[in-house]
Amino acid sequence: MIIGTPREIVAGERRVAMTPASVQRLVKLGHGCKIEAGAGISARFPDDDYAAAGADIVCDARSLWEDSDVVCKIRPPEASEVEFIREGQTLISLLYPAQSSELLETLNARGATVVAMDMVPRISRAQKMDVLSSMANVAGYRAVIEAGNNFPRFFTGQITAAGKVPPAKVLVIGAGVAGLAAVGTAVSLGAIVRAFDVRPEVAEQIQSMGAEFLFLDFEESGAGEGGYAKPSSPEFREKQLALFRAQAPEVDIVITTALIPGMDAPKLWLEDMVLAMKPGSVIVDLAAERGGNCDLTVPDEKIEAPNGATIIGYTDLPSRMATQASNLFATNVCHMIADLTPGKDGVLVHDMEDDVIRGATSAKGGQITFPPPPPKIQAIARPPQKAPEPTSEEKRAAEIASFRKTTRDQVAMLVAGAVLLLAAGMFAPESFMQHFTVFVLACFVGFKVIWGVAHALHTPLMSVTNAISGIIILGALLQIGSASNPIAILAGISVLIATINVVGGFLVTRRMLAMFQKS
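Residues numbered from 1 in each chain as written. Predicted model: local features only at pLDDT ≥ 70, side-chain atom pairs only at ≥ 80, totals over all residues. Heavy atoms only, no water.

**Digging into the overall build of the chain**
Secondary structure assignment for the chain yields 16 helices and 17 strands. Residue burial in the chain is summarised as follows: out of 519 residues, 41% are buried. Look at the contacts in the chain between residues 6 or more apart in sequence, and 62% of them connect residues 24 or more apart. Accessible surface for the chain amounts to roughly 27,800 Å². Of this, 60% is attributable to carbon and sulfur atoms. (Helix = DSSP H or I, 4+ residues; strand = E, 2+ residues; numbered from the N terminus. Buried < 20%, exposed > 50% of the residue type's maximum accessible area, 1.4 Å probe, protein only. Contact = heavy atoms within 4.5 Å. Areas by Shrake-Rupley, 256 points an atom, 1.4 Å probe, with all protein chains shown as cover.)

**Side note on the sheet that holds strand S17 (residues 367-368)**
Backbone-to-backbone hydrogen bonds pair the strands of a sheet. The strands run either parallel or antiparallel. The strand order across the open sheet formed by 8 strands is S3-S2-S1-S4-S5-S6-S16-S17, and the pairing between neighbours is mixed. The open sheet has two edge strands, strand S3 (56-58) and S17, and neither has a second partner. Sheet topology places strand S1 (residues 2-5) next to strand S2 (residues 32-36); 4 bridges connect them, and they run parallel. Paired with glycine 4 across the bridge in S2 is lysine 34. Contacting S1, strand S4 (70-72), strand S5 (90-93) and strand S6 (113-116), helix H11 (residues 322-340) runs over the sheet at an angle of about 145° to S5. (Pairing = 2+ DSSP bridges. Axes fitted to C-alpha atoms, helices over the stretch in contact; angles between N-to-C directions.)

**Observations concerning a nonpolar patch on the surface**
A surface patch of nonpolar side chains, about 620 Å² in accessible area, is lined by Ile489, Leu490, Ile493, Leu496, Ile497 and Ile500. Residue position: isoleucine 489 is located in helix H16 (residues 485-514). (Patch = residues over 30% accessible without salt bridge, like charges linked within 9 Å, V, L, I, M, F, W, Y side chains within 5 Å. Salt bridge = Lys/Arg side-chain N within 4 Å of Asp/Glu carboxyl O.)

**Remarks on the nonpolar core**
A general trend in soluble globular proteins is that nonpolar side chains are found buried together. Grouped together as the largest cluster of nonpolar side chains are 40 residues, with contacts concentrated most on Ile92 and Met336. Listed by contribution, the elements that provide at least two residues to this core are helix H1 (20-28), S2, helix H2 (47-53), S4, helix H6 (131-150), H11 and helix H12 (355-360). Per-element accounting of this core gives the leading share, 8 residues, to H11. Ignoring sequence-local partners within four residues, the contact set of methionine 336 consists of Val115, Met117, Val120, Met129, Val356 and Ala360. Counting residues in each nonpolar core, the second largest holds 32 residues, with Ala136, Phe151, Val193 and Phe213 among its members. (Core = buried A, V, L, I, M, F, W, Y, C linked by side-chain atoms within 4.5 Å.)

**Some words on helix H5 (residues 101-109)**
By the burial criterion, the buried members of H5 are Leu103, Leu104, Leu107 and Asn108. Relative to the axis of H5, the buried residues are bounded by an arc of 135° and lie together on one face. Residues of H5 that are exposed and point over 90 degrees away from its buried face: Glu102 and Ala109. Contact partners of the buried residues in H5: helix H4 (79-82), S5, S6, strand S16 (361-364) and S17. Directly after H5, the chain includes glycine 111, whose backbone phi takes a positive value near 80°. (Arc of directions from axis to C-beta.)

**Digging into the packing of H6 against helix H7 (residues 177-188)**
Contact pair H6 / H7: the axes reach a minimum separation of 7 Å and the direction vectors enclose 35°. Where H6 crosses over H7, the handedness of that crossing is right-handed. Across the interface between the two elements, Ser133, Ala136, Asn137, Gly140, Tyr141 and Val144 from H6 touch Val177, Ala178, Ala181, Ala182, Thr185 and Ala186 from H7. Considered class by class, the residues forming the contact of H6 with H7 number 8 nonpolar, 4 polar and no charged. (Left-handed = near helix turned anticlockwise from the far one by under 90°. Nonpolar A, V, L, I, M, F, W, Y, C, P; charged D, E, K, R; others polar.)

**Some points on H1**
If you check which residues of H1 are buried, you get Pro20, Ser22, Val23 and Leu26. An end-on view of H1 places all buried positions within 150° of arc, on one side of the element. Each element contacted by the buried residues of H1 is listed here: S1, S2, H2 and H11. Note on H1: the residue one or two positions beyond its end, glycine 30, has a positive phi of about 95°.

**Details of the layout of surface pockets**
Of the volumes computed, that of the second largest pocket is approximately 190 Å³. Considering the residues around the second largest pocket, the lining is formed by 14 residues, among which Ile471, Ile472, Gly475, Ala476 and Gln479 are closest to the centre. Grouping the amino acids of the lining of the second largest pocket by side-chain chemistry returns 10 nonpolar, 4 polar and no charged. (1 Å grid on protein atoms, 1.4 Å probe; cavity = no way out; pocket = protein on both sides within 12 Å on 5 of 7 lines; lining within 4 Å. Points joined across faces, edges and corners; volume = space filled by probe spheres on them.)

**Let's talk about the packing of H1 against H11**
In contact at an axis separation of 9 Å, H1 and H11 are set at 10° when each is read in the N-to-C sense. By the criterion of interaxial angle, the relationship of H1 to H11 is roughly parallel. Across the interface between the two elements, Ser22, Arg25 and Leu26 from H1 touch Ala330, Thr331, Cys334 and Ile337 from H11. (Parallel < 35°, antiparallel > 145°, perpendicular 65-115°, else oblique.)

**Observations concerning the pattern of salt bridges**
For the coordinates displayed, the defined rule picks out 24 salt bridges. Arginine 14 serves as the salt-bridge partner of aspartate 316, at 4.0 Å between the closest nitrogen and oxygen. One end of the pair, aspartate 316, is in the loop between strand S15 (310-312) and H11; the other, arginine 14, is in the loop between S1 and H1, and 302 residues separate them in sequence. One salt-bridge network, in which partners are shared between bridges, spans Arg14, Arg142, Glu146, Asp316 and Arg320.

**A few points about the environment of methionine 263**
Relative to the helices and strands, methionine 263 is located in the loop between strand S12 (253-256) and helix H10 (271-276). On a C-alpha basis, the gap between methionine 263 and alanine 98 in space is 9.5 Å, while along the polypeptide they are 165 residues apart.

**Digging into the pairing of strand S13 (residues 282-285)**
Side-chain alternation along S13 places Val282 and Val284 on one buried face and Ile283 and Asp285 on a second face that is also buried. As judged from the 4 bridges shared by S12 and S13, these two strands associate in the parallel manner. When the bridges of S13 are listed, valine 254 appears paired with isoleucine 283. For S13 and S15, the ladder comprises 3 bridges, and the chain directions are parallel. Its bridge partner being in S15, valine 284 is matched across the sheet by isoleucine 312.

Interpretation note: all reported values are geometric properties and have no functional meaning in isolation.
In structure tokens form, the structure reads like this:
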């Protein structure tokens with residue numbers, strides 16, 4: 001298959017859906033690659049790099065669309081690009097089919113197979129293709145950088161000869177991928193970070209990153225399907241707005257990321273909250289493209305409120321980091337194409353039984369397949385019920401029963417051992433019994449002597465090896481006074497070697513313990 005990537009024609013879009021690194025991956029899957037001349041210039045990917053990676057440079061957009069079996073884009077196709085789409089062609093791009101029903105119908109009428117990368121289901125196996133998370137990660141990071149660029153003070157606190165500089169206070173509303181990226185960036189810059197989300201289960205994630213989670217004293221979960229939030233009740237919303245009003249005079253920077261799929265952005269930072277903020281404060285509204293979480297947000301513009309607060313409504317934050325965003329997007333697309341090419345032979349296999357491929361496919365074979373069915377996720381078994389804590393009487397009865405069982409087992413072993421010794425004494429020669437007695441004593445005494453040494457002096461592994469060496473030493477000492485010279489010599493050698501082993505074990509342990517001691 002020939003995979004082509006045209007230049008993005010939307011004003012201000014600097015990203016590109018194919019990078020030189022992704023070209024190399026696609027070639028390994030058996031595909032050929034074409035890219036429109038200059039498509040990667042804004043993302044710092046010159047045509048020479050694409051050519052070196054194995055892609056063909058095409059100067060005319062129409063030729064690229066006509067010659068490509070698969071077209072990969074960032075933005076949904078514009079009207080002028082839709083005219084180039086032919087029957088049987090596969091389009092892989094962002095599409096937002098819930099909000100672009102007319103575009104989807106047009107693409108379907110032209111016989112195209114449409115893979116909407118924004119519809120990749122949010123399941124574990126599909127994380128490598130989740131472009132929404134990839135772009136949200138970039139947007140969250142960039143939001144903090146934009147805030148810092150417009151904030152008139154430091155993020156981190158400082159104590160200087162000229163006076164004390166307090167750290168900035170940052171409030172992040174929404175703890176999705178973008179929110180978490182913003183929290184991590186703001187914390188790393190030294191700010192005091194607070195975060196809020198309608199899903200209280202994300203509190204641990206926020207706290208683990210060094211930020212404070214703002215809890216709401218209201219029993220309602222805002223968790224919806226697919227890891228997104230759901231609309232809140234009027235009562236919950238009033239409690240939420242009251243919390244934000246209390247925070248407005250305190251915080252210096254607000255980053256809002258709240259979005260609900262298929263709906264306009266909820267208004268969470270109202271005009272009175274903006275006016276309650278200090279002069280020089282900054283609001284970065286990541287939901288500006290869908291109307292904004294702030295009352296005063298103007299999409300694609302930066303404005304200043306009457307009280308001197310700056311409100312940033314840029315909708316192209318990922319595009320402002322075009323190189324990084326393009327790398328992530330192209331990697332997501334490569335993983336999608338890899339799943340569509342199971343044989344790595346350059347042949348696309350559009351398996352509609354695959355949850356990920358089916359979820360992302362919005363049109364195929366002349367039929368609109370959006371919305372997809374819910375993914376067939378295996379149900380998670382309920383955790384086993386915790387057994388009730390036994391009473392003191394039950395614990396005592398269990399201890400007595402265990403003691404009796406242990407006693408019975410020990411008595412049985414002693415009786416069996418006595419019977420075996422009696423049988424051996426009746427039939428074995430006298431010399432065997434003498435040596436056997438020495439062996440038993442050596443095992444018992446040597447093991448007890450060495451094993452009893454505290455583990456603070458040697459590791460458990462060394463205690464076992466030294467116990468074995470102790471058995472050898474004790475047994476050899478009992479034989480070292482033998483009338484037979486060979487036996488006495490061997491016993492002396494055994495004592496020497498086993499003693500070296502014991503002493504060496506203690507020395508090794510001492511060095512190991514010294515590694516963990518502060519100098």
